[in-house]
Amino acid sequence: MAISKTRAGPVANPLDAAIAQFGAAADRLNLDPGLRQVLATCKRELATNFPVQMDGGSTKVFTGYRVHHNLARGPAKGGIRYHPAVSLDEVRALAMWMTWKSAVVNLPYGGAKGGVIVDPKALSQTELENLTRRYTTEISILLGPSQDIPAPDMGTDERIMAWIMDTVSMHRGYTEAGVVTGKPVSVGGTLGRKEATGRGILYVIQELARDRSIPLDGATIAVQGFGNVGGAAAALLAGEGARVIAVSDSSGCLYNGRGLDVQALREQKNAGGSLSDMGGGDCLLGEELFSLPVDFLVPAALEGQITAQTARHVQAKIIVEGANGPTTPDGDAVLAEKRVLVVPDILANTGGVIVSYFEWVQDLQFFFWEEEEVRERLQRVITRAYREVCALAQSQNLSLREAAMLLAVSRVEEATRLRGIYP
Ligand code: NAD
């Protein structure tokens, strides 16, 4: 297995993990070898090296990707990541997970992902806008509301989505709001999108807590990653009375056994702070977060974080995967041995794509909903998927990941098979 050396510690290649997870579902479904090959491969991959004018007049060349995995169930949907460790294999894995994710919650989308190798924090506003507009132009042959609809991911936000929407609109000569989701509300975004992935995690944890008779009021939580997903999940869970005892970001980990003041930490983070500089708790090493004896552990940063080695130290009862691919297959096996329940990414973090779907529907209809309607519909869709996955897991004696993959792959396989091979 290839090892990425660009991040702290050895991180398995996420594409190996994605293919191993798919292979297990394909075996269970006894998939036809031809279809198996189709579903194991990304349909289309665009790689681009493009110049950006930097402040001070110099020029720098950046590398970006946009990958479509499978489009049998609908247009390509998936976020765009700005991170120094982006690689083609990572984008492929993330595109594949998007296919399964949309299928598991039954959205009419195929899977896609994009990424640029860049540290967005090292760029000025102007450089970030130049990079975004040029990257959008480079991949614009793929984009469109019926073709490919990007969204935010690590290192990108609603402001970047507004630039993407504007760039495509300038090329077309009219406003094309439905070409991207996760936009600001003032330019066709939806209410409730910003915290949607975190809110989806809350709804899943509420169901789990009910099923397992764990009172959420006072339940202990540790969250890795304090951005869009982790920050929102921590705040929403704290709002329901849960005790968030540890959160971490790329700068470090903050711990307080009595519970952290998540709202205050978020305000400081939004003002540009790092957790390592904030008070209200003790500093831990980042990896210590994984060994805390909590009711719920929410990895919401990068993929490949819970390896076999990390998993051996996990004391949490339940892991709810906020990030994409945070657990390696080896890590999963150790967690299964230890009987730690894992709610997989392709189910647990679908709040974002579900509300992105609502945003797209609203853009296509030019008819916008109240926030309450967005929340109610999100809860309905994610709870139904959670129930379907649990029922399948129980009836076939599978883990939740195996059941979610089985459900997703069977839906994508059916659509691919029914559409047939052209010509
Ligand atoms: P983000 O950029 O808003 O936040 C990422 C957070 O992780 C930051 O706080 C960063 O400091 C932290 N981080 C980075 N490296 C870390 C490390 N080694 N240890 C601890 N923390 C670290 O990104 P995001 O949008 O919150 O995405 C996080 C994960 O969730 C990614 O895997 C992404 O693919 C996935 N995801 C995001 C969405 C979404 O709607 N944004 C939806 C589904 C899944």
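Now for a quick tour of the structure.

1. Observations regarding unusual backbone geometry
Keep in mind that most residues, glycine aside, have a negative phi and that most peptide bonds are trans.
Link 1 in the chain: Note that the residue after tyrosine 422, namely proline 423, is joined by a cis bond; omega there is 5°.
Link 2 in the chain: Note on placement: proline 423 falls in the segment after helix 14 (400-419).
Link 3 in the chain: Its identity as a non-glycine residue notwithstanding, serine 213 has a phi of 55°, on the positive side.
Link 4 in the chain: For serine 213, the position within the fold is in the loop between helix 6 (196-211) and strand 8 (220-224).
Link 5 in the chain: Even without glycine at this site, arginine 339 takes up a positive phi of about 60°.
Link 6 in the chain: Of the residues examined, arginine 339 reaches a relative accessible area of 77% and is grouped as exposed.

2. Focus on the sheet that holds strand 3 (residues 44-53)
Link 1 in the chain: Spatial ordering of the open sheet is given by 3-4-6-5-7, a layout of five strands whose pairing is mixed. Either end of the sheet is taken by a strand with one partner, and the two such strands are strand 3 and strand 7 (148-152). Each strand axis lies, on average, 25° off the axis of its neighbour in the sheet, ignoring direction.
Link 2 in the chain: Note that strand 5 (residues 76-83) and strand 6 (residues 110-117) share six bridges and pair parallel. Residue isoleucine 80 lies in a different strand from strand 6, and its bridge partner there is glycine 114.

3. Observations concerning the packing of aromatic side chains
Link 1 in the chain: On inspection of all chains with the given rule, the structure shows eight aromatic pairs.
Link 2 in the chain: Ring pairs connect the aromatic residues Tyr109, Tyr357, Phe358, Trp360 and Trp369, which therefore count as one cluster.
Link 3 in the chain: The lysine or arginine in question, arginine 377, covers the ring of tryptophan 369, its NZ or CZ lying 4.8 Å from the ring centre.

4. Remarks on the sheet that holds strand 11 (residues 282-284)
Link 1 in the chain: Read from one edge to the other, the open sheet built from seven strands follows the order 11-10-9-8-12-13-14, with strand pairing classed as mixed. Strands at the two margins of the open sheet, each flanked by one partner only, are strand 11 and strand 14 (341-343). Across the sheet, the mean angle from the axis of one strand to that of its neighbour is 20°, orientation sign disregarded.
Link 2 in the chain: Two elements, strand 9 (residues 243-249) and strand 10 (residues 252-255), share four bridges in a ladder whose sense is antiparallel. Within the sheet, the bridge partner assigned to serine 248 lies in strand 10 and is cysteine 253.

Cut-offs and rules
- Residues numbered from 1 in each chain as written.
- Predicted model: local features only at pLDDT ≥ 70, side-chain atom pairs only at ≥ 80, totals over all residues.
- Heavy atoms only, no water.
- Helix = DSSP H or I, 4+ residues; strand = E, 2+ residues; numbered from the N terminus.
- Buried < 20%, exposed > 50% of the residue type's maximum accessible area, 1.4 Å probe, protein only.
- Pairing = 2+ DSSP bridges.
- Axes fitted to C-alpha atoms, helices over the stretch in contact; angles between N-to-C directions.
- Phe/Tyr/Trp six-rings, centres within 6.5 Å; stacked < 30°, edge-to-face > 60°.
- Lys NZ or Arg CZ within 6 Å of the ring centre and 35° of its normal.

This is a description of form; function is not addressed.
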